[in-house]
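A structural walkthrough
One-letter residues, chain by chain:
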Amino acid sequence: MAVAAFVIFLGHDIMTNSLWHTDDYLRMAETVLRYFMVSVTLIVMAVPEGLPMAVTLALALNMRRMLKSNNLVRKLHACETMGAVTVICTDKTGTLTQNKMQVQEMWAEGADAGLLRAAIAANSTAELDGDKPIGNPTEGALLLWMHREGHDYRRLRSENGVVWQLPFSTERKYMATIAEVQGRRYLFMKGAPEIVARYCDMGEADRAALRERLLGYQNKAMRTLAFACKPLDASVDRVELSPADAHLALQGVAAISDPLRTEVPDAVRQCRKAGIDVKIVTGDTSATAIEIARQIGAWDDATPAEAQITGPEFEALGDDEAYERAHVLRVMSRARPTDKQRLVNLLQKRGEVVAVTGDGTNDAPALNHAHVGLSLGSGTSVAKNASDMTLIDDSFGSIVRAVEWGRSLYKNIQRFIFFQLVVNVTALLLVLGGSIAGTELPLTITQILWVNLIMDTFAAMALASLPPSHEVMDEKPRKQSDFIINPHMAWAICSVGILFFAALLGMLVWFNGRGEVTVGQLTVFFTVFVMLQWWNLFNAKSLGSSHSAFHGFFEDKGLMIVLLIILVGQWIIVTYGGRMFRTEPLTAETWGWIILCTSPVMIIGELMRAVSRLKHRP
């Protein structure tokens, strides 16, 4: 492009300048050098080198602002990627619910109450700090229940010494402990009722009654936990558990409630309206997960049975069947880390942009594989390190705000590109137009550098600082293959750039028609060029929206400051620039006429947006 500009300028003087027909080689070299400097300056202006800065600035500003909405961005790219998310795979506890678990009912018919309390105290890793659980929230709820019943778990734990312990894992779905209670050793187990029941000696009638009771709890969206035990010989200090020879006795079942977050149903509704599919992936039972999905609006009576599956069932599916099933799934219950990761990979294979929430160490693979991994503020450090963002308040509502920020960020980048390319098209056409009109340098090197400063720095700051607009949540997610300059933008860039060029070229022709072009006329030309871009900044602010350019204008302090800087800067350059900028001071009347005559750029844009609002009015 520099070579092209150089050839255009040089070609003009070859045809019109008598200098090339003399032996004054020094002046000839100066002219060639001057045009070469102009061509280099033009390529500096033509190449959008300010775009990386604008993108980085927009990402950094969004990162800081998102922190105020409880989204800690750990990787900068996640700010923008969230705007393209099409599927959110969310866990239940803490994200959809308040993670304030309470035991609503403890069924222990026929069990030794003292032995059950000893089991809860010993077979646990949680602690209480006053009324606040430390550690696993489910175990914390059990300790709080004991506290409310007037029993000191610390005393029971110290009296009943722990001999051996098998920690809970998502694969086993149970925890086991050997402890001495009143001089006798017992094996205690707690975990998912359907798992614990396999290790218990129970008749078919008892199992049916247990299933019925569990279903009643689960249909109320309660988490259930079963307890079992058996006495051991004094010499046993560890066991290898298998359902066939465990012979445990069922002690009881705890029904634990975790209230739904109040903002979640509305947040899920916004996601569905925005074209984002919400899938619940949880370790809870199917009945509990489906009831939670129903409460948040992700499940209704018309939802097909194929929309739910358990982790083991999903693992048993072949790759092709799982690929098809992944799209229709809304609830995956009894999910294990491998199931979650496989679902993420299959959704990505289908072309989805996937966000995943997780709080545990076992969630790290899924968080790492997802386009955006969202760890919880209350989660483990492993999960946080594997994630791209951290939800400080653990709330699903924060995810919706992150999507809104991401989509708005993408819009802001498009607005900057629109503004910059309009300036580029206008300036580059003027290079050719100025030569045709007979004006050697319609814009000087210093003037072009000032315009470049406006375009790359001030415009980047103004448009990158625009706050998010909630109306972006009414749109569908963009495709990954979409070009950032959409057809509407391309039409706007070309049409506005050509109109600006036509108006400025007309000025040059008119000036040339009145005799030799003066510095005062070129100063007016330069100021008109800048003011056209100044007014177009209002249109850039509203690109992709039908809102008026003055919608929320006084909240956009960054834009107001930039508009003022450009206006004041142009006045200073015109008034005091002199030979350096090839300008001379303009009268207040001339300034008034320039501002008035260039204002239709914004006025016409406002009229077009008003017509668009009328068309889309319901």
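Let me sum up the structure you'll find in this document. Just so we're clear, the structure is a prediction, and the values are computed from it rather than from any experiment. (Residues numbered from 1 in each chain as written. Predicted model: local features only at pLDDT ≥ 70, side-chain atom pairs only at ≥ 80, totals over all residues. Heavy atoms only, no water.)

Topic: the overall build of the protein chain
Per the secondary structure count, the protein chain includes 24 helices and 16 strands. Taking 25 Å as the expected radius of gyration for a compact globule of 618 residues, we find that the protein chain reaches 35 Å, considerably beyond that expectation. Summarising its shape, the C-alpha atoms of the protein chain cover approximately 115 × 55 × 50 Å along the three principal directions. A sequence separation of at least 24 residues applies to 72% of the contacts in the protein chain between residues at least 6 apart. Averaging the locations of the 59 positively and 63 negatively charged side chains of the protein chain gives two centres separated by 3 Å. (Helix = DSSP H or I, 4+ residues; strand = E, 2+ residues; numbered from the N terminus. Rg over C-alpha atoms; globule rule 2.2 N^0.38 Å. Contact = heavy atoms within 4.5 Å. Lys, Arg positive; Asp, Glu negative; His and termini not counted. Charge placed at Lys NZ, Arg CZ, Asp CG, Glu CD.)

Concerning the environment of Asn385
Secondary-structure assignment places Asn385 in helix α16 (residues 381–386). For Asn385, a relative accessible area of 56% translates into the label exposed. Along the sequence, Asn385 and Arg198 sit 187 residues apart, while their C-alpha atoms lie 37 Å from each other. A polar contact is formed between the side chain of Asn385 and the side chain of Arg74, at a distance of 3.2 Å. (Buried < 20%, exposed > 50% of the residue type's maximum accessible area, 1.4 Å probe, protein only. Polar contact = N/O pair within 3.5 Å; in protein donor to acceptor, adjacent residues only side chain to side chain.)

Some points on the sheet that holds strand β14 (residues 354–358)
Taken together, the eight strands give an open sheet; going across it, the order is β1-β16-β15-β14-β2-β11-β13-β12, and neighbouring strands pair in mixed fashion. Each having just a single partner strand, β1 (71–73) and β12 (308–310) make up the two edges of the open sheet. In this sheet, adjacent strand axes meet at a mean angle of 20° when their direction is disregarded. Running at roughly 150° to strand β13 (residues 331–333), helix α11 (residues 286–296) makes contact with β11 (277–281), β12 and β13 of the sheet. (Pairing = 2+ DSSP bridges. Axes fitted to C-alpha atoms, helices over the stretch in contact; angles between N-to-C directions.)

What about the packing of helix α13 (residues 319–328) against helix α14 (residues 337–349)?
It is at 9 Å that the axes of α13 and α14 come closest, and there the two elements cross at 80°. In this view, α13 runs roughly perpendicular relative to α14, as classed from their interaxial angle. Side by side, α13 and α14 meet where Asp319, Ala322, Tyr323 and Ala326 of the first sit next to Arg342, Leu343, Leu346, Leu347 and Lys349 of the second. By residue class, the composition of the contact of α13 with α14 is six nonpolar, no polar and three charged. (Parallel < 35°, antiparallel > 145°, perpendicular 65-115°, else oblique. Nonpolar A, V, L, I, M, F, W, Y, C, P; charged D, E, K, R; others polar.)

Topic: the environment of Gly558
Positionally, Gly558 belongs in helix α21 (residues 557–576). When the C-alpha atoms of Gly558 and Ala464 are compared, they prove to be 8.8 Å apart, with 94 residues separating the residues in sequence. Each residue touching Gly558, except ones within four places of it in the same chain, is listed here: Ala462 and Ser465.

Focus on the side chain of Ser398
Relative to the helices and strands, Ser398 is located in helix α17 (residues 396–437). In this structure the side chain of Ser398 is engaged in a polar contact, spanning 2.8 Å, whose partner is the side chain of Asp393. Excluding anything up to four places from it in sequence, Ser398 contacts Ser69, Asn70, Asn71, Leu391 and Asp393.

Considerations on the sheet that holds strand β10 (residues 249–257)
The six strands lie next to each other as β3-β10-β9-β8-β7-β6, forming an open sheet whose pairing is antiparallel. Edge strands, defined here as strands with exactly one partner in the open sheet, are β3 (102–107) and β6 (162–166). Neighbour-to-neighbour, the strand axes of this sheet turn through a mean angle of 20°, independent of strand direction. In the packing of helix α6 (residues 137–148) onto the sheet, contacts are made with β3, β7 (174–181), β8 (184–191), β9 (223–231) and β10, and the angle to β3 comes to roughly 70°.

Topic: the nonpolar core
Most often, soluble globular proteins keep nonpolar side chains buried together rather than apart. The biggest cluster of nonpolar side chains holds 110 residues, and the ones touching the most others in it are Met82, Met389, Phe396, Phe529 and Leu537. Counting residues per element, this core draws most heavily on α17, which supplies 16 residues. Setting aside anything within four residues of it in sequence, one finds Met82 in contact with Ala355, Val372, Leu374, Met389, Ile399, Ala402 and Val403. If you look at the next biggest cluster of nonpolar residues, it comprises 25 residues, including Met202, Ala228, Val239 and Ala246. (Core = buried A, V, L, I, M, F, W, Y, C linked by side-chain atoms within 4.5 Å.)

Details of a nonpolar patch on the surface
Taken together, Leu564, Val568, Trp571, Ile572 and Tyr576 make up a surface patch of nonpolar side chains, about 530 Å² in accessible area. Here Tyr576 shows up in helix α21. By relative accessible area, Tyr576 is classed as exposed at 62%. (Patch = residues over 30% accessible without salt bridge, like charges linked within 9 Å, V, L, I, M, F, W, Y side chains within 5 Å. Areas by Shrake-Rupley, 256 points an atom, 1.4 Å probe, with all protein chains shown as cover. Salt bridge = Lys/Arg side-chain N within 4 Å of Asp/Glu carboxyl O.)

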